[in-house]
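One letter stands for each residue in the lines below.
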Amino acid sequence: MEVDYSTTVDEKLPECEKLAKSGKLNEALEILMQMEKQTRLASDMISTSRVLVVIVRLCFESKEWDLLNENIIALTKRRSQLKQAVAKMVQEAYTFVEKAPDKPTMLKLIETLRTVTAGKIYVEIERARLSKKLAEIKEQEGDVAEAANVLQELQVETYGSMEKTEKVDFILEQMRLCLAKQDYVRTQIISKKINAKFFEDESTHDQKLKYYQLMVQLDLHENSYLSVCRHYYAIYDTPKVRNDPEKLKETLKRIVLYIILAPFNNEQSDFLHRVAADKGMEHIPLFRELLEHFTTKEIIRWTEIGTKYEAELKQGSAVNLVTEVFQGEDGKRRWQDLKNRVVEHVSLLGWTEPVL
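Bear in mind the structure is a predicted one, so any value in this text is a computation, not a measurement.

K.L.:
What's the story with the overall build of the protein chain in this structure? I'm lost.
P.N.:
Secondary structure summary: the protein chain contains 18 helices and zero strands in total. Taking 21 Å as the expected radius of gyration for a compact globule of 356 residues, we find that the protein chain reaches 30 Å, considerably beyond that expectation. Its C-alpha atoms put the protein chain at 95 × 35 × 35 Å along the principal axes. Looking at the protein chain as a whole, 47% of its 356 residues qualify as buried. Counted over contacts in the protein chain with a minimum sequence separation of 6, partners at least 24 positions apart contribute 63%.

Take a look at the structure:
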């Protein structure tokens, strides 16, 4: 039978708070535990919630962190405990995490809250946020693999109570950590949880840029140059980049280089001519000139390409800042791929004589 204990709770809570402040925390908790049982068995959700919140708050204010952890677990396990009351208690305790005096205390509280929220839909958001915080700590400690594992437990795309923007933030973090531990297959799987249409709203463009930068890293690992080019074009086609002259030029340079590096097929050819026709090419004349070699039916020789463009592409200049495309060991391989593309282009024109 439901009974309203709000009047009793109104009277008792201030008394308990005074007791705790005077150093009599245990006496205060004893009274609160009795009230918790009465309100819980009477199914008085509002009063039970208030009591649970005060219990954890008094433990926190008294700096009794072990007692705080014990009470969170004990109160969650009570028979016929009300879900809404547990949710309110967890939400209150969650605010204490950042206020912990040291890392061990913080970790213990996080683990306690993750334990009591496991498998409970009504506190799934709190569990997700706690897991994200734990992953941050693990990464700071240098344990990237464990950080990734902590976040991979979460299927945030199924959380009905979480805002879509926050879901995407979690998925992007899952992708980043999987890339950091070189788990490319899982990164590919996770990336499919984000629909590109989500980025149509301008308020999501920071997330859009982060997503496509991660996709660039993923597809560079597979040397999928055409996919990399598409990702950079998505970055280029963002107002934040379009309105920044330097970012526009640097992004467009990468689009040019990767579309040239991509092996010929119909899609590559269409994209190549699309890029060549873009008005932004006027800002990078050297790269426009390089691209023209691959959009015309004129024979090109590798020695000419090397002589004219190698220094600019590998070292850059005051006018053209160098990109990372031809840097390091990966850059050496891409330079060879560029040579192969020159040969491929010439062979497509029906030229059979050596061009190197």
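K.L.:
Honestly, the packing of aromatic side chains in this entry has me stumped. Any pointers?
P.N.:
For any pair of aromatic rings, geometry is given as the distance between the ring centres together with the angle between the planes. Applying the stated criterion to the full structure yields 12 aromatic pairs. Geometrically, the ring pair formed by phenylalanine 60 and phenylalanine 96 is stacked, given 4.2 Å between the ring centres and 5° between the ring planes. Pair noted here: phenylalanine 60 is in helix α3 (residues 45-61) and phenylalanine 96 is in the loop between α5 (83-94) and α6 (103-117), with a separation of 36 residues, a long-range link. Comparing phenylalanine 60 with phenylalanine 96 shows no difference in burial state: the two are buried. With centroids separated by 5.2 Å and ring planes inclined at 65°, the aromatic side chains of tryptophan 302 and tryptophan 335 adopt a geometry described as edge-to-face. Placement of tryptophan 302 in helix α17 (residues 302-314) and of tryptophan 335 in helix α18 (residues 328-348) is noted, with a sequence separation of 33 residues between them. For the pair shown, tryptophan 302 and tryptophan 335 are each scored as buried. Above the plane of the ring of phenylalanine 170 lies lysine 132, whose end atom (NZ or CZ) is 5.1 Å from the centre.

K.L.:
Sorry if this is basic, but what is going on with the pattern of salt bridges here?
P.N.:
It is possible for side chains of opposite charge to pair when their charged atoms get near one another. The tally for this structure, following the rule as stated, stands at 29 salt bridges. Close ionic contact of glutamate 139 with arginine 176 constitutes a salt bridge, the shortest N to O distance being 2.7 Å. Taken as a pair, glutamate 139 in helix α7 (residues 124-140) and arginine 176 in helix α9 (residues 164-180) lie far apart in primary sequence, 37 residues in all. Overall, the relative accessible area of 26% leaves arginine 176 in the partly exposed class.

K.L.:
I would appreciate a short explanation of the environment of histidine 205 in the present structure.
P.N.:
Along the polypeptide, histidine 205 turns up in helix α11 (residues 205-221). On the accessibility criterion, histidine 205 (8% relative accessible area) is buried. Residues in contact with histidine 205, not counting those within four places in the same chain, are Phe199, Glu200, Thr238 and Pro239.

K.L.:
What am I meant to see in the state of the cysteines here?
P.N.:
A disulfide bridge is the covalent bond that connects two cysteines by way of their sulfur atoms. Inspection of every chain in the model, using the stated rule, returns zero disulfides. Here cysteine 16 stays unpaired: no disulfide links it, and the sulfur of cysteine 59, its closest cysteine neighbor, is 12 Å away. For cysteine 16, a relative accessible area of 0% corresponds to the buried category. On the basis of relative accessibility, which here comes to 0%, the residue cysteine 59 falls in the buried class.

Rules behind the numbers
Note on numbering: residues in each chain are counted from 1, in written sequence order. Under the rules for a predicted model, residues below a pLDDT of 70 receive no local features and side-chain atom pairs below 80 are neither given nor counted, while totals for whole chains, interfaces and linings still include all residues. Only hydrogens and water are set aside when side-chain values are computed; all heavy atoms of the structure are taken into account. For the purposes of this entry, the term helix denotes a DSSP run of H or I that reaches at least four residues, the term strand denotes a run of E that reaches at least two, and both are numbered from the N terminus. Only the C-alpha atoms count toward the radius of gyration. The rule for a globule is 2.2 Å times the residue count to the power 0.38. In this scheme, a residue with accessible area under 20% of its type's maximum is buried, one over 50% is exposed, and one in between is partly exposed, where area comes from a 1.4 Å probe on protein chains only. Contacts are assigned to residue pairs that have any heavy atoms within 4.5 Å of one another. Pairs were defined over the aromatic rings of Phe, Tyr and Trp, the Trp ring being its six-membered one, requiring ring centres within 6.5 Å. Orientation was assigned from the angle between planes: stacked under 30 degrees, edge-to-face over 60, tilted for the rest. Counting as a charge over the ring demands two things of the Lys NZ or Arg CZ atom: a distance within 6 Å of the ring centre and an angle within 35 degrees of the ring normal. Salt bridge, as applied in this entry: a Lys or Arg side-chain nitrogen positioned within 4 Å of an Asp or Glu carboxyl oxygen. The disulfide criterion used throughout: a pair of cysteine sulfur atoms within 2.5 Å.

None of this, on its own, says anything about what the molecule does.
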